[in-house]
Each structure stands twice: as C-alpha cells, then as structure tokens.
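Each chain, letter by letter, is given below.
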Amino acid sequence: MKSIKMIPAFAALMAMIITGCSNADVESRIARLEGRVAELEGSGTASARSASTTQPAATNQPETKPEGPLPVFAFSEELHDFGTINEGDEVEHVFEFTNTGDAPLIISSATGSCGCTVPEWPKEPIGVGEKGEIKVKFNSRKKPGIQNKTVTITSNTYPKQQRIKIKANVTPAPKDADSPS
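*Asks:* Before we move on, could you go through the overall build of the protein chain and cite the residues and values that matter?
*Replies:* Check the secondary structure of the protein chain and you find three helices and eight strands. Listing each helix as α and each strand as β along the protein chain from the N terminus yields α-α-α-β-β-β-β-β-β-β-β. The buried share of the protein chain, taken over its 181 residues, is 29%. Counting every atom, the protein chain has about 11400 Å² of accessible surface; 53% of that belongs to carbon and sulfur.

What follows is the structure, given as structure tokens:
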C-alpha cells in the first residue's frame, strides 16, 4: 500500500528530471531516486518519509560503488585514429573488449558525441571472461579538419560510464569548379 501512494510522486519527480537533463544525468538521478524509494519503503517510518521531502531530488555527489561482484571493461584500445581521410568518407572501427570482472556485463546504451558518430553494441550480456565488440561508424560528410569524437557507454560496471574515442584528419572536399568562389 505504501508503494502505491509513492508512485505518483516518484513519477512526477522522474518527469521533471527527464525534461531538464542529459541522458547520463537522467540515468544517475533515476538510480538515486530508485534507491531512496527502496530505503523509504524498507523503513516505513513517517520521519524517514518526511526526511526524503526535505532533500533535493538530485545531487552532484559521486557515484557510489555497488556492493557485490561487478563486471569490468578491459578494452584492447580506447582510442582509434583513422588518420587522414577525405571529406564524405564513411569509416568504421571495431573496439574489442573483455569482461574481466566477476559478473556478466550488460551494456544499456552507447551514444556518440554527435550524429556523425554511430555506435553498435552487443545487446546480450557478456559473460565473465568473454569478449565483445563495439563498432563505431563515423561519417565525415561536412566535417572537414581535425575531428575528435567520443562514444559514451553506459553499463552495469563501476563507474557506470566508460568512454572510447575516435579521431581523424578530414581533408576538405574540393570545391566544385562550376560554383562561384
């Protein structure tokens, strides 16, 4: 019964957080809120419930390391340099990793720093000692010059987010001879 009464408040808090934050902030804040709701449901005291209303919904505290066995990313490389490529080239690289932790590794999302960088990641858990791959595609269309892009991976590791990077020196496409200078 207590949890049913808390659902509307929890939903309202989540809606406020989601509309004003980036995905990483949202996931962190939701995890903290879920933990707080679990604490309140476990204690069931009026003082615990009133204490929760006086604390801010989100804080900038560092992530707390969860107890128990955890998965660990071990990338063979965390940065790939495509070197010099031509504007308009679409290139890709596969980042290989091993789960060197003590629990299955689950990747919930992987996002590029811009729309030109698109990651593909395994949707199934990676067992202890098993290998996995994250493929990153980069489209250099309208991206002349030196490019440094990041893919942020969110998973059940500690910390929750890992980053891999790509870079390239994109040679500008030649100007069309028929177009005015």
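Now that the structure has been shown, the text picks up again.
*Asks:* Could you give an account of the sheet that holds strand β7 (residues 145–155), naming the residues involved and the relevant values?
*Replies:* Reading across from one edge, β2-β8-β7-β4 is the order of the four strands in this open sheet, with mixed pairing throughout. Either end of the sheet is taken by a strand with one partner, and the two such strands are β2 (79–86) and β4 (107–112). Pairwise comparison of adjacent strand axes, ignoring direction, gives a mean angle of 20° for this sheet. With 10 bridges joining them, β7 and strand β8 (residues 161–171) adopt antiparallel strand pairing. Directly across from lysine 149, in β8, lies its bridge partner isoleucine 166.

*Asks:* An account of the pattern of salt bridges is needed here, citing residue identities and associated values.
*Replies:* Per the counting criterion, the structure on display carries two salt bridges. Its salt-bridge partner being glutamate 92, residue lysine 135 comes within 3.8 Å of it at the nearest N-O pair. Separated by 43 residues along the polypeptide, lysine 135 in strand β6 (residues 131–139) and glutamate 92 in strand β3 (residues 90–99) bring together distant segments of the chain.

Procedures and definitions
- Residues numbered from 1 in each chain as written.
- Predicted model: local features only at pLDDT ≥ 70, side-chain atom pairs only at ≥ 80, totals over all residues.
- Heavy atoms only, no water.
- Helix = DSSP H or I, 4+ residues; strand = E, 2+ residues; numbered from the N terminus.
- Buried < 20%, exposed > 50% of the residue type's maximum accessible area, 1.4 Å probe, protein only.
- Areas by Shrake-Rupley, 256 points an atom, 1.4 Å probe, with all protein chains shown as cover.
- Pairing = 2+ DSSP bridges.
- Axes fitted to C-alpha atoms, helices over the stretch in contact; angles between N-to-C directions.
- Salt bridge = Lys/Arg side-chain N within 4 Å of Asp/Glu carboxyl O.

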